[in-house]
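# Structure at a glance
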Amino acid sequence: MKNTELYNRIYAKYGYDAMLNKWIEELLELATLLQQSKSKVITSDDLVKEVSDVSIIIEQIACIHDIEGRVVDSRESILKHLPDKLDLV
């Protein structure tokens, strides 16, 4: 992961509790935006920003917990079995 050094510097500066709070905040912002999309039109710019924030958060979580490789492997396995699981074959 190319951002490992950056994420480790953020962790060293702010600590786990602050990062955890930020992660939760960003995940909730995406969830809130998606919830709002059920009753109103959301902009693609808003969606792009929130999805980008969450993708960074996912990288940070994997990096800080030293599970990047396992996440990649798990993701590949899930995607491989998804068509069967959803009866799409």
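Since the model is a prediction, treat every value here as computed from it, not as a measurement.

### Notes on the overall build of the protein
- A count of helical and extended segments in the protein gives three helices and zero strands.
- The order of α-helices and β-strands along the protein, N terminus first, is α-α-α.
- Here the C-alpha radius of gyration of the protein, 16 Å, is well above what a compact globule of 89 residues would show, namely 12 Å.
- With the C-alpha coordinates of the protein rotated into their principal frame, the extents come out at 45 × 35 × 20 Å.
- Buried residues in the protein amount to 17% of all 89 residues.

### Focus: the packing of aromatic side chains
- Counted under the stated rule, the structure contains one aromatic pair.
- Judged by centre distance (5.7 Å) and plane angle (85°), the ring pair of Y16 and W23 falls under edge-to-face.
- Here W23 falls in the buried class, since its relative accessible area comes to 3%.

### A word on the pattern of salt bridges
- Within the structure shown, the criterion is met by four salt bridges.
- For the salt bridge of E26 with K22, the shortest nitrogen-to-oxygen distance reads 3.1 Å. In this pair, E26 and K22 both sit in helix α1 (residues 4-36), four residues apart, roughly one turn of the helix.
- For K49, the salt bridge identified is with D53, shortest N-O distance 2.6 Å. Residue K49 and its partner D53 are located together in helix α2 (residues 44-64), separated by four residues, close to a single helical turn.
- On the basis of relative accessibility, which here comes to 45%, the residue K49 falls in the partly exposed class.
- Taken together, the shared-partner salt bridges in this structure form one network comprising K22, E25 and E26.

### Here we look at the environment of V89
- Assignment of secondary structure puts V89 in the segment after α3 (68-85).
- Once you skip the residues sitting within four places of it in the chain, V89 turns out to touch P83 and D84.

So, how was this worked out
- Residues numbered from 1 in each chain as written.
- Predicted model: local features only at pLDDT ≥ 70, side-chain atom pairs only at ≥ 80, totals over all residues.
- Heavy atoms only, no water.
- Helix = DSSP H or I, 4+ residues; strand = E, 2+ residues; numbered from the N terminus.
- Rg over C-alpha atoms; globule rule 2.2 N^0.38 Å.
- Buried < 20%, exposed > 50% of the residue type's maximum accessible area, 1.4 Å probe, protein only.
- Phe/Tyr/Trp six-rings, centres within 6.5 Å; stacked < 30°, edge-to-face > 60°.
- Salt bridge = Lys/Arg side-chain N within 4 Å of Asp/Glu carboxyl O.
- Contact = heavy atoms within 4.5 Å.

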